[in-house]
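# Chains, contacts and geometry: an overview
Here is how the chains run, residue by residue.
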Amino acid sequence: MCVPLFVLLTIGAIQTTDAIYLKNSLRVVAYETARRAIEPGSTNAAADAKANEILAARNVQGGTVTYNPSDVSTAASGSPVTVTVSASADANTIMPNWFYTGRTITAQLTMSKE
């Protein structure tokens, strides 16, 4: 009688930790990508390379990065640059996804252009 409850709690705990790890990973990617994007003379390609490097290192599948303004090289010094990183919870879990099915986890960070 207790075994089904224990299994459900275990699966829920594993999926919750997967979601927490994914959210934290996306925050790290957003920070490092924004840091690269605000450097003088930086381009979207350089920021994308940094984002892809960290996404691969953290084994995040299907991550997407968007910028505001859409071309970071045109941002004036002191203006805000926003980086948004998102990934599907379905693609980034080690177990069949029951609790976070169809959800997209997102992290966003804004920094001022140097």
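These figures come from a predicted structure and were not determined experimentally.

## Structural notes on the sheet that holds strand 3 (residues 104–112)
In space, the three strands of this open sheet follow the order 1-2-3, with antiparallel pairing throughout. Two strands in the sheet have a free side with no partner beyond their single neighbour: strand 1 (64–68) and strand 3. Here the strands of the sheet are splayed against their neighbours by 15° on average, with no regard to which way each runs. By the bridge criterion, five bridges tie strand 1 to strand 2 (residues 80–88) in an arrangement that is antiparallel. Pairing of V65 across the sheet is with V85, part of strand 2. The sheet strands contacting helix 1 (residues 2–37) are strand 1, strand 2 and strand 3, and the helix crosses strand 3 at an angle near 30°.

## A short note on the nonpolar core
Among the nonpolar cores identified, the biggest contains 23 residues, and L22, L26, V29, V60, V81 and V85 are the most heavily contacted of them. Looking at this core, the elements with two or more residues in it are helix 1, helix 2 (44–57), strand 2 and strand 3. With near-sequence residues (within four places) excluded, V81 lies in contact with A37, I38, N68, P69, V72, A75, L109, T110, M111 and K113.

## Points about the packing of helix 1 against helix 2
In contact at an axis separation of 8 Å, helix 1 and helix 2 are set at 155° when each is read in the N-to-C sense. In terms of orientation, helix 1 lies roughly antiparallel with respect to helix 2. At the point where helix 1 passes helix 2, the crossing takes the right-handed sense. Across the interface between the two elements, L26, V28, V29, E32, T33, R36 and A37 from helix 1 touch A46, A47, K50, A51, I54 and L55 from helix 2.

## Quick notes on the pattern of salt bridges
Summed over all chains, the structure comprises three salt bridges. Close ionic contact of R36 with E39 constitutes a salt bridge, the shortest N to O distance being 3.9 Å. Given the relative accessible area of 29%, R36 is considered partly exposed. The partly exposed category is assigned to E39, whose relative accessible area is 32%.

## A few points about the environment of S70
In this structure, S70 sits in the loop between strand 1 and strand 2. Distance in space between the C-alpha atoms of S70 and V81 is 9.1 Å, their sequence separation being eleven residues.

## Overview of helix 2
Here helix 2 is 14 residues long and its end C-alpha atoms lie 20 Å apart, about the 20 Å a rise of 1.5 Å per residue gives. Close packing links the buried residues of helix 2 with helix 1 and strand 1. Trailing helix 2 by a residue or two, N59 shows a phi angle of about 60°, which is positive.

## What about the environment of E53?
With respect to the helices, strands and loops of the structure, E53 is situated in helix 2. Taking C-alpha positions, E53 is 13 Å from T64, a pair spaced eleven residues apart along the chain.

About the criteria used
Residues numbered from 1 in each chain as written. Predicted model: local features only at pLDDT ≥ 70, side-chain atom pairs only at ≥ 80, totals over all residues. Heavy atoms only, no water. Pairing = 2+ DSSP bridges. Helix = DSSP H or I, 4+ residues; strand = E, 2+ residues; numbered from the N terminus. Axes fitted to C-alpha atoms, helices over the stretch in contact; angles between N-to-C directions. Contact = heavy atoms within 4.5 Å. Core = buried A, V, L, I, M, F, W, Y, C linked by side-chain atoms within 4.5 Å. Buried < 20%, exposed > 50% of the residue type's maximum accessible area, 1.4 Å probe, protein only. Parallel < 35°, antiparallel > 145°, perpendicular 65-115°, else oblique. Left-handed = near helix turned anticlockwise from the far one by under 90°. Salt bridge = Lys/Arg side-chain N within 4 Å of Asp/Glu carboxyl O. Expected span 1.5 Å × (residues − 1).

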